[in-house]
Amino acid sequence: MTRPTSLAGWLAYLETLHPKTIALGLDRVRDIARRLPLALACPVITVAGTNGKGSTCAMLEAILRAAGYRVGVYTSPHLRRYHERVRIAGDFVSDSDLLTAFDAVEDARVGDAGNGATPLTYFEFGTLAALWLFARAKLDALVLEVGLGGRLDAVNLIDADVAVVTSIDLDHMDYLGPTRDDIGREKAGVFRPGRPAVCGERNPPAALVDTASAIGASLLRLGRDFDFVVEGRQWRYRGPNGERYGLPVPALRGDHQFGNAAVVLTVLDLMRERLPVPTGAIRDGLVSVELPGRFQVLPGRPTIVLDVAHNPQAARALSAALGAMGFHSQTFAVFGMYADKDIRAVVDTMKVRVDRWYVAGLPGARGAPALMIVEKLRAAGVAQSAIHALDSIGAAYRAACDAASDADRIIVFGSFLTVAAAIDANAPAE
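These figures come from a predicted structure and were not determined experimentally.

Asks: Got a minute to help me understand the nonpolar core in this structure?
Replies: Most often, soluble globular proteins have nonpolar side chains that are buried together. With 63 residues, the main nonpolar core has L14, L36, F102, L128, F134, L144 and F191 as its most contacted residues. In terms of residue count, the dominant contributor to this core is helix α5 (residues 122-135) (10 residues). When residues no more than four places from it in sequence are discounted, the contact partners of F102 are L7, W10, L11, L14, Y82, F125, G126 and A129. Grouped together as the second largest cluster of nonpolar side chains are 41 residues, I63, V198, L252 and V264 included.

Asks: Looking at this structure, how should I read the sheet that holds strand β10 (residues 234-239)?
Replies: Sheets are built from strands paired through backbone hydrogen bonds, the pairs being either parallel or antiparallel. Read across the open sheet, the three strands follow the order β9-β10-β11; overall the sheet is antiparallel. Two strands close off the open sheet at either side, each with one partner strand: β9 (227-231) and β11 (242-248). With strand direction ignored, the average angle separating the axes of adjacent strands in the sheet is 20°. Of the strand pairs in this sheet, β9 and β10 are connected by five bridges, and their pairing is antiparallel. By the bridge assignment, E231 is partnered in β10 with Q234. Those strands touched by helix α10 (residues 279-288) are β10 and β11, and its axis lies near 45° from that of β11.

Asks: Quick question: what am I supposed to make of the packing of helix α14 (residues 393-403) against helix α15 (residues 416-426) here?
Replies: The angle between the axes and the distance between the axes are what describe a pair of packed helices. Where α14 meets α15, the axes come as close as 8 Å, and the angle between the chain directions of the two elements is 60°. Between α14 and α15, the angle falls in the class oblique. The way α14 lies across α15 gives a crossing that is right-handed. In this structure, α14 uses I393, G394, Y397 and R398 to contact α15, whose residues at the interface are T418, A421, A422, A425 and N426.

Asks: Would you explain the pattern of salt bridges in this entry?
Replies: Throughout the structure, instances matching the rule amount to 23 salt bridges. For E186, the salt bridge identified is with R151, shortest N-O distance 3.2 Å. A residue pair is termed long-range when its members are at least 10 positions apart, and E186 in helix α7 (residues 180-187) and R151 in the loop between β5 (141-145) and β6 (162-165) qualify at 35 residues. Residue E186 is classed as buried on the basis of its relative accessible area, which comes to 14%. Salt-bridge contacts for K351 lead to D348; the nearest nitrogen and oxygen are separated by 3.6 Å. Assessed through its relative accessible area of 32%, K351 is described here as partly exposed. The partly exposed category is assigned to D348, whose relative accessible area is 31%. The network of salt bridges with shared partners includes R3, D103 and D107.

Asks: Looking at this structure, how should I read helix α8 (residues 206-215)?
Replies: Because an α-helix completes one turn every 3.6 residues, residues spaced three or four positions apart along the sequence face the same direction. The set of residues buried in α8 consists of A207, L208, T211 and A212. In an axial view of α8, the angular spread of the buried residues amounts to 135°, which keeps them on one side of the axis. Across α8 from its buried face, at more than 90 degrees, point the exposed residues S213 and A214. Close packing links the buried residues of α8 with β6, α7, β7 (196-199) and β8 (218-221). One or two steps after α8, the chain reaches G216, where phi turns positive at roughly 85°.

Asks: Is there a simple way to explain the pairing of strand β1 (residues 44-48) in this structure?
Replies: Moving residue by residue along a regular strand, the side chains alternate between the two faces of the sheet. The buried fraction of β1 is high, at five of five residues. Side chains of β1 alternate between two faces, with V44, T46 and A48 and I45 and V47 buried alike. Of the strand pairs in this sheet, β1 and β5 are connected by four bridges, and their pairing is parallel. Each residue of the ladder has a partner; that of V44, found in β5, is L142. Of the strand pairs in this sheet, β1 and β6 are connected by four bridges, and their pairing is parallel. Paired with T46 across the strands is A163, a residue of β6.

Asks: Looking at this structure, how should I read α15?
Replies: Taken residue by residue, α15 has F416, T418, V419, A420, A422 and I423 as its buried positions. Elements in contact with the buried residues of α15: β13 (303-306), β14 (331-335), α14 and β17 (409-413). Two to three positions downstream of the cap, the backbone nitrogen of L417 sits 3.0 Å from a side-chain oxygen, assigning the N-cap of α15 to S415.

Asks: Please clarify how unusual backbone geometry should be interpreted in this entry.
Replies: S76 connects to P77 through a cis peptide bond whose omega is -10°. With respect to the helices, strands and loops of the structure, P77 is situated in the loop between β2 (71-74) and β3 (86-88). The residue after R301, namely P302, is reached through a cis peptide bond having omega -5°. Counting through the fold element by element, P302 comes out in the loop between β12 (296-298) and β13. Of note in this structure, A89 is not a glycine but carries a positive phi near 55°. Within the fold, A89 resides in the loop between β3 and β4 (91-92). Phi at F295 takes a positive value of approximately 40°, unusual for a residue other than glycine.

Each value, and the rule that gives it
- Residues numbered from 1 in each chain as written.
- Predicted model: local features only at pLDDT ≥ 70, side-chain atom pairs only at ≥ 80, totals over all residues.
- Heavy atoms only, no water.
- Core = buried A, V, L, I, M, F, W, Y, C linked by side-chain atoms within 4.5 Å.
- Buried < 20%, exposed > 50% of the residue type's maximum accessible area, 1.4 Å probe, protein only.
- Helix = DSSP H or I, 4+ residues; strand = E, 2+ residues; numbered from the N terminus.
- Contact = heavy atoms within 4.5 Å.
- Pairing = 2+ DSSP bridges.
- Axes fitted to C-alpha atoms, helices over the stretch in contact; angles between N-to-C directions.
- Parallel < 35°, antiparallel > 145°, perpendicular 65-115°, else oblique.
- Left-handed = near helix turned anticlockwise from the far one by under 90°.
- Salt bridge = Lys/Arg side-chain N within 4 Å of Asp/Glu carboxyl O.
- Arc of directions from axis to C-beta.
- Polar contact = N/O pair within 3.5 Å; in protein donor to acceptor, adjacent residues only side chain to side chain.

Below is the structure:
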């Protein structure tokens, strides 16, 4: 085939690649990585977990950059533009850099194979391209967010100097298994023998702890090896390098962010010999960190909250954060989810916070149709009069805005796609 010459063309091409090669393991991906090759000379921090990965990566990046380090960050999925997945020194990579990296991966993927090119998924291809760019960027530190699970995720090609599991809850069960133990075991696949690992769960599943012990990883756990205490508008941290007092509240909203911040400071304690960070940089990073779509409150009235919460654990955190906000006359939800997510459990958690629901289906084969979401709402006891089904998330967002008064609140949640569509609908016309 003729290779794409634009980023849009490449992304469309990646969508045509093998959709489910994760079950085949990482040998294929490692083979391509060796052909590229991908030599990383800087310290690497890998972040896995059901929720909290993006926030943890963002805080690590903000603090390390405040300390003067040149940092690379890989995250997924993106909200609006693919470039969001790959940042170097605080900037998204350019179209031309991505095109060059995609060409390099495709060269290695096709190679001299007489029986066809090596199969890769969209995510695996993109991860190899990102690593190819990072290997050439002369970085001081690299932060990698795991896409799904850990053991078989393409990010796990790289041996992390410190590996993190932020949280473990039920999500992606078709791939990772039906229990927290199964999921914890898969996520613990990012741990390495003889290297430190950090877990942000107070009660992690036994399988995660047992995996760390079996391979000889040095596991630090929230509540045992490190912890935090909130003290009004400040907080205190205890970790392997002692205590820090009078820390500023993280700019990312929600009480759950204190746990993520404690994980971040523990990672920095563990990396202090290679990446020393002064207290001032920690403070600057915590107060300046930004991450769209994580309890993001838009300016103006009515109050509009954007959150990519898409599983029961994330919904519980969102509900708690909404409960801590000031009074609002009514709360309107703009809501759309993937069909393979636990829609009912998310609705059961959020229904106490929502007065009226504006729902729509998401595009693609995984998107739950509006009718399915309506049925889940009705089954959860939501009155039909409180449910409004629209043709698209953009239409649902505009309908909620039209119905809301200045004293009301609109929350947009359920998926990255849901939040992205609302951001697009909110953007001024060009």
